[in-house]
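Overview (structure and organization)
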Amino acid sequence: MKGVTILGSTGSIGVSTLDVLTRHSGQFRVVALTANQDAARLAEQCRLHHPDFAVMVDPEAAQRLREQLADMPQRPEILTGVEGLEQVAALPETDYVMAAIVGAAGLRPTLAAAHAGKRVLLANKESLVVAGALLMQAVAESGAELLPIDSEHNAIFQCLPPYFSAGLESVGVERILLTASGGPLLDWPLERMAAVTPEQACAHPTWAMGRKISVDSATMMNKGLEVIEACWLFGTDTDHIEVVIHPQSVIHSLVQYQDGSVLAQLGNPDMRTPIAHALAWPARFESGVAPLDLFSVGRLDFQAPDLKRFPCLALAFQAAQHGGTAPAILNAANEIAVAAFLERRIDLPGIAAIVGDTLDAFPDASVEGQGVEFLLDVDQRARDCAERLVQRRMR
Ligand code: NAD
Ligand code: MG
């Protein structure tokens, strides 16, 4: 039996993970579940999955969870705060950690899992964007396994040779083709972008996801974050990554080799496939996802991204090329701007404007030799700057 901790169990990825685990209950035991504030949902999950630990980051919500589970026989130990997350990410009885918290809030517990040498199933791409060097170093030093859950990166991982560890060139790869659906605004008239509502931005045509990543898909910042994520995971740079818009979301990404071969991974757009892949790896097992029916898909389309329509993608490429603190600043400003858009405080084009202005406000700085405290300080200062820019834009 493998013990599993799910960081962010009440979210979209967390729920899909529990679905896959339930299909293989003889092989896995849920050790810990965590959430930020949603005590009712976490209580329900505790009754169904009987974890040893439940973490509510918010102390008031933790109190509500205690009350809701008061009558449960053998109830989980309830922890709180980021310390609680770090603790359950590193428990000796935990073998696998699903990192599915949204945003830079996932960084500390994901790092804790990597330091503790766990199999880390990484959905939380923001932690690699903010602290790629630190996270990759922690994995290398502890012997942790880092398996990508993001569908594109999981696809690329599947298309690389099984003995791949670092250096795409050494295995004959010329470049990575990172597919993108283009999101719900792919064909919107550019002049109407300022009128897009949060509901429209979150109405993704092919994937059902949390609200933050849905907005990121609408702006294509999600693909930008994924370019940075791919650089770290596969030890490459932006010259070796091409973004390809593929609206059907059936091809999850491709790897082009020097001999002209292009390998792709295909499947229905359902995150249970990459989740099951990473849980079973290097074996395979059932995920609950329906088999792909190519006849009903009918056709596969491809187009190049339009950077005028999607300025966030251009900003992410620039940040990736600058390196240092730029990706952490990009991510922090984006988190603030997306939250402001979802609260209807700014319009959709305001997201790219705020991210661009925040990047401009900070001089390039190296992260060489720096620890997590330094990066979290950069993150906080970029958030403060982006929040001031939101308020200025609202006036
Ligand atoms: P979600 O909003 O549905 O869920 C987020 C989870 O994180 C919830 O359990 C929530 O309680 C927890 N959380 C939120 N803020 C927190 C905080 N400050 N501290 C601790 N916990 C907190 O998000 P999601 O769509 O499941 O995405 C999770 C991660 O997976 C993101 O990084 C996202 O980019 C990535 N991802 C998601 C999908 C998808 O299909 N949903 C696909 C690829 C990658
Ligand atoms: Mg993705």
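Above: the structure in question.
1. Observations regarding the pattern of salt bridges
- Per the counting criterion, the structure on display carries 24 salt bridges.
- Across the pair E226 and K125 runs a salt bridge, and its minimum N-O distance is 2.9 Å. A residue pair is termed long-range when its members are at least 10 positions apart, and E226 in helix α10 (residues 221–234) and K125 in helix α6 (residues 125–142) qualify at 101 residues. In terms of burial, E226 and K125 fall into one category: buried.
- For E199, the salt bridge is made with R344, and the minimal N-O distance between the two is 2.5 Å.

2. What to know about the coordination of the magnesium ion (ligand 2)
- Coordination of the magnesium ion (ligand 2) by the protein comes from D150 (OD), E152 (OE) and E226 (OE), over a distance range of 2.1 to 2.2 Å.
- Here the donor residues for the magnesium ion (ligand 2) map to a single chain with the spacing D-x1-E-x73-E. Of this pair, E152 sits in helix α7 (residues 151–159) while E226 is found in helix α10, placing the two residues 74 residues apart along the sequence. Each of the two residues, E152 as well as E226, counts as buried.

3. With respect to the environment of D237
- Mapped onto the elements, D237 comes out in the loop between α10 and β9 (241–245).
- Spatially, the C-alpha atoms of D237 and R175 are 9.7 Å apart, while their sequence positions differ by 62 residues.
- Polar contacts involving the side chain of D237 include one to the main-chain amide nitrogen of D239, which spans 3.1 Å.
- There is a polar contact of 2.7 Å between the side chain of D237 and the side chain of H240.

4. Structural notes on helix α1 (residues 12–23)
- For α1, with twelve residues, the first-to-last C-alpha span of 17 Å sits near the 16 Å given by 1.5 Å per residue.
- Of the residues making up α1, those classed as buried are I13, G14, S16, T17, L18, V20 and L21.
- The inward-facing, buried residues of α1 abut β1 (2–7), β2 (28–35), α2 (39–49), β5 (96–99) and α11 (272–280).

What counts and how
Residues numbered from 1 in each chain as written. Chains lettered and ligands numbered in written order. Predicted model: local features only at pLDDT ≥ 70, side-chain atom pairs only at ≥ 80, totals over all residues. Heavy atoms only, no water. Salt bridge = Lys/Arg side-chain N within 4 Å of Asp/Glu carboxyl O. Helix = DSSP H or I, 4+ residues; strand = E, 2+ residues; numbered from the N terminus. Buried < 20%, exposed > 50% of the residue type's maximum accessible area, 1.4 Å probe, protein only. Donors = N, O, S within 2.8 Å, 3.2 Å for Na, K, Ca; no water. Polar contact = N/O pair within 3.5 Å; in protein donor to acceptor, adjacent residues only side chain to side chain. Expected span 1.5 Å × (residues − 1). Contact = heavy atoms within 4.5 Å.

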